[in-house]
Amino acid sequence: MAPAPSFRGHQSTYNPVRGSCLLLLLVMSNLLLCQGNPCPSCGPDVYATSLKSLTDLFLDAVWLSHDFHNLSTIMFKKFDEKYAQGKLYHINATNSCHTNFLHSPEEREKALQENNEDLSKWTLVLLYCWNNPLYHLVTELQSMKELSETFLSSAKKMETMSDKLQAFIESHFSKIIVPVLQMMHDADSTWSGLPSLMSSDEDRRHSELYKLFHCLGRDSLKLDMYIKILECRTRKMC
């Protein structure tokens, strides 16, 4: 079977209109179903990877997801301290996260009740949902003179980390790509914050940045938790 197409892999061609390409990617992904009988289970593709190798790869993914969450937390804290003091940005930040439609488990106890298929789906759909915001965050931060270079550098690092985590999940849980894309298409999972991020009104821009950093910190914590549980299960310790 040919390798599944990566949503992130189309970045160089479709970045400016990444959201509009989701349906096209879904159609392309569905072509994979014509190449053989898909396994109903979406566990790791262990036929191509030994258990030891898979465990080692998961350990690398755990460190990456940890760094991803840690960096997002630092970014939010620095932005909050420097630009959000005395503001009311926090009031609607949590309720307006663009990933709220997922209703993905937030507590470890609930996440442990999910099977590997569902955990890998939650991981990939969260990563896909952040493709567009992360790309535009990096793009727009380049023109925001009021923000230090540190924010741009950190955003670039996070985009790269997201790429790597996404590639890992896609390569070892390739059978979930089609249902994940279908889920996102059905839910019309579109990030709508770009006009605010591009606004000439500094307060509006900062409000959107606060929300992005806050929501990214929350979702990166979920990603870190899901990947750690999956890694733990490859070692049969969970």
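Check the entry above for the structure.
What comes next concerns the included structure. Computed from a predicted model, the values in this text were never measured in an experiment. (Residues numbered from 1 in each chain as written. Predicted model: local features only at pLDDT ≥ 70, side-chain atom pairs only at ≥ 80, totals over all residues. Heavy atoms only, no water.)

**Describing the overall build of the protein chain**
Alright, step 1. In terms of helices and strands, the protein chain carries ten helices and zero strands.
Alright, step 2. Tracing the protein chain from N to C terminus, the helices and strands come up as α-α-α-α-α-α-α-α-α-α.
Alright, step 3. Going through the 238 residues of the protein chain one by one, you find that 49% of them count as buried.
Alright, step 4. Of all intrachain contacts in the protein chain linking residues separated by at least 6 positions in sequence, the fraction that spans at least 24 positions is 84%. (Helix = DSSP H or I, 4+ residues; strand = E, 2+ residues; numbered from the N terminus. Buried < 20%, exposed > 50% of the residue type's maximum accessible area, 1.4 Å probe, protein only. Contact = heavy atoms within 4.5 Å.)

**What to know about the nonpolar core**
Alright, step 1. Phe79, Leu137, Leu141 and Leu209 are the most contacted members of the largest nonpolar core, which has 58 residues in total.
Alright, step 2. If you list the elements that add at least two residues to this core, you get α3 (51–83), α5 (116–129), α6 (131–141), α7 (149–172), α8 (177–187) and α10 (202–234).
Alright, step 3. A total of twelve residues in this core trace back to one element, the largest contributor, which is α10.
Alright, step 4. Excluding residues that lie within four positions of it along the chain, Leu141 makes contacts with Leu147, Phe151, Leu152, Ala155 and Leu209. (Core = buried A, V, L, I, M, F, W, Y, C linked by side-chain atoms within 4.5 Å.)

**Here's the deal with the pattern of salt bridges**
Alright, step 1. For the structure on display, the rule yields nine salt bridges.
Alright, step 2. Among the salt bridges present, the one from Lys222 reaches Glu106, with a minimum N-O distance of 3.9 Å. Of this pair, Lys222 sits in helix α10 while Glu106 sits in the loop between α3 and α4 (108–112), placing them 116 residues apart in sequence.
Alright, step 3. The salt bridge involving Lys121 is made with Glu117; its shortest N-O contact spans 3.1 Å. Pair noted here: Lys121 and Glu117 are both in helix α5, with a separation of four residues, about one helical turn.
Alright, step 4. We classify Lys121 as buried; its relative accessible area is 16%.
Alright, step 5. What makes Glu117 partly exposed here is its relative accessible area of 23%. (Salt bridge = Lys/Arg side-chain N within 4 Å of Asp/Glu carboxyl O.)

**What to know about the packing of aromatic side chains**
Alright, step 1. Applying the stated criterion across every chain, the model contains nine aromatic pairs.
Alright, step 2. Their ring planes at 85° and their centres at 6.1 Å tell us that Phe79 and Phe151 sit as a pair that is edge-to-face. You can see Phe79 sitting in helix α3 and its partner Phe151 sitting in helix α7, a full 72 residues away along the chain.
Alright, step 3. With a relative accessible area of 0%, Phe79 lands in the buried category.
Alright, step 4. Owing to a relative accessible area of 4%, Phe151 belongs among the buried residues under this scheme. (Phe/Tyr/Trp six-rings, centres within 6.5 Å; stacked < 30°, edge-to-face > 60°.)

**Focus on α5**
Alright, step 1. Here α5 is 14 residues long and its end C-alpha atoms lie 20 Å apart, about the 20 Å a rise of 1.5 Å per residue gives.
Alright, step 2. Most of α5 sits inside the fold, with eleven of its 14 residues counted as buried.
Alright, step 3. Among all positions in α5, only Leu119, Ser120, Lys121, Trp122, Thr123, Leu124, Val125, Leu126, Leu127, Tyr128 and Cys129 are buried.
Alright, step 4. Those residues of α5 that are buried are in contact with α4, α6, α7, α8 and α10. (Expected span 1.5 Å × (residues − 1).)

**Observations concerning the packing of α6 against α7**
Alright, step 1. Running from N to C, α6 and α7 cross one another at 155°; their axes reach a closest spacing of 9 Å. Judged by the angle between their axes, α6 and α7 are roughly antiparallel. At the point where α6 passes α7, the crossing takes the left-handed sense. Here Asn131, Leu134, Tyr135, Leu137, Val138 and Leu141 of α6 come into contact with α7, specifically with Phe151, Leu152, Ala155, Lys156, Met158, Glu159, Ser162 and Gln166. (Axes fitted to C-alpha atoms, helices over the stretch in contact; angles between N-to-C directions. Parallel < 35°, antiparallel > 145°, perpendicular 65-115°, else oblique. Left-handed = near helix turned anticlockwise from the far one by under 90°.)

**Re the state of the cysteines**
Alright, step 1. Under the defined criterion, the tally for this structure stands at one disulfide.
Alright, step 2. Covalently, Cys97 is tied to Cys215 through a disulfide, its sulfur atoms 1.9 Å apart. Because the torsion about its S-S bond is -90°, the bridge between Cys97 and Cys215 counts as left-handed. Taken together, the residues Cys97 in the loop between α3 and α4 and Cys215 in helix α10 connect sequence positions 118 residues apart.
Alright, step 3. Taking relative accessible area as the criterion, Cys215 reaches 2% and is therefore assigned buried. (Disulfide = S-S within 2.5 Å.)

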